[in-house]
Amino acid sequence: MSLTAGVVAVQGDVEEHAAAIERAAAARGREVAVREIRESGLVPDCDLLAMPGGESTTISRLLHGEGIAPEIRAHVAAGKPLLATCAGLIVASSDANDDRVEELGLVDVAVERNAFGRQKDSFEAPLSVDGLADDEPYPAVFIRAPAIDDVGDGNAEVLASWDGRPVAVRDGPVVGTAFHPELTPDSRIHGLAFFENDTASAAALETAE
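Conventions we followed
Residues numbered from 1 in each chain as written. Predicted model: local features only at pLDDT ≥ 70, side-chain atom pairs only at ≥ 80, totals over all residues. Heavy atoms only, no water. Helix = DSSP H or I, 4+ residues; strand = E, 2+ residues; numbered from the N terminus. Rg over C-alpha atoms; globule rule 2.2 N^0.38 Å. Buried < 20%, exposed > 50% of the residue type's maximum accessible area, 1.4 Å probe, protein only. Contact = heavy atoms within 4.5 Å. Areas by Shrake-Rupley, 256 points an atom, 1.4 Å probe, with all protein chains shown as cover. Lys, Arg positive; Asp, Glu negative; His and termini not counted. Charge placed at Lys NZ, Arg CZ, Asp CG, Glu CD. Phe/Tyr/Trp six-rings, centres within 6.5 Å; stacked < 30°, edge-to-face > 60°. Salt bridge = Lys/Arg side-chain N within 4 Å of Asp/Glu carboxyl O. Polar contact = N/O pair within 3.5 Å; in protein donor to acceptor, adjacent residues only side chain to side chain.

Re the overall build of the protein chain
Within the protein chain, the regular secondary structure consists of six helices and twelve strands. Taking 17 Å as the expected radius of gyration for a compact globule of 209 residues, we find that the protein chain reaches 15 Å, a close match to that expectation. The principal-axis extents of the C-alpha atoms in the protein chain amount to approximately 45 × 40 × 35 Å. Across the 209 residues that make up the protein chain, the buried fraction comes to 54%. Within the protein chain, residue pairs in contact and separated by at least 24 positions form 70% of the contacts whose partners lie at least 6 positions apart. Of the roughly 8700 Å² of accessible surface on the protein chain, 43% is carried by carbon and sulfur atoms. Averaged over its 16 positive side-chain charges, the protein chain has a centre that lies 5 Å from the centre of its 37 negative ones.

Here we look at the packing of aromatic side chains
If you walk through the whole model with that rule in mind, you get four aromatic pairs. Residues Phe123 and Phe142 carry aromatic rings whose centres are separated by 4.7 Å and whose planes lie at 5° to one another, so their mutual orientation is stacked. Remark: Phe142 occurs in strand 8 (residues 138-142) and Phe123 occurs in strand 7 (residues 123-127); sequence separation between them is 19 residues. The exposure class of Phe123 is partly exposed, given its relative accessible area of 24%. On the accessibility criterion, Phe142 (1% relative accessible area) is buried. Consider the rings of Phe194 and Phe195, whose centres lie 6.3 Å apart with planes at 75°: the pair is edge-to-face. Judged on exposure class, the residue Phe194 and its partner Phe195 are both buried. Feature note: the residues Phe123, Tyr138, Phe142 and Phe179 constitute an aromatic cluster, connected by ring pairs.

Focus on the pattern of salt bridges
Tallied over the full model, the rule gives nine salt bridges. Across the pair Arg165 and Asp149 runs a salt bridge, and its minimum N-O distance is 2.7 Å. Note that Arg165 is positioned in strand 11 (residues 165-171) and Asp149 in strand 9 (residues 147-151), a separation of 16 residues in sequence. Asp149 sits in the partly exposed class, given a relative accessible area of 42%. Across the salt bridge formed by Arg188 and Asp186, the nearest N and O atoms sit 2.8 Å from each other. Comparing Arg188 with Asp186, the two get one shared label, buried. One salt-bridge network, held together by shared partners, links Glu55, Asp98, Arg100 and Arg113.

Let's talk about the side chain of Ser56
Within the secondary structure, Ser56 sits in helix 2 (residues 56-65). The exposure class of Ser56 is buried, given its relative accessible area of 1%. Of note is the side chain of Ser56, whose polar atom sits 3.4 Å from the side chain of Arg113. Sequence-distant contacts of Ser56, that is, excluding residues within four places in its chain, are made with Ala87, Ile90, Val91, Val101 and Arg113.

Spelled out as structure tokens, the structure:
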């Protein structure tokens, strides 16, 4: 049974996310068709959704301007998986600490932009991530990465931390990362977000039937 995966393509590493989704699906014997989301009307047909990084204020403006934002909220409300990375996590958060960002409120966390430095301070770090298929450290790539300042009182669960600060979280069907999992051949984060959450996977499969 084939799943439809959408990659929000207003900014960011769209092709890299698409390739990572395909690798994660293939590793689990799943069929997936990936489509790019640049306008409203496409998200409702998606079983899985990825929201890449970029510039959070621009992403926020385009999502709301194009009418995609309410569709993403409805996608998550239906229990279908969303992976939000770097600036995507900022936009998905409940508090971006930036008045220029109209948050989607999908992840009950407050974030700090550029918490680990600017572009020149980019680095790779071996992370221990709860829920991965094996115990091997995940090679996380941090580029102008945010950090999670505060986890709310809801269902948000910290999956990984670096330098004492949370950098990956799950809140219901949403997985958010401060790093860029699409920039490594290791597709375990995409697998964790889309195929290893029983509730989210069940919702996606139900809509695909």
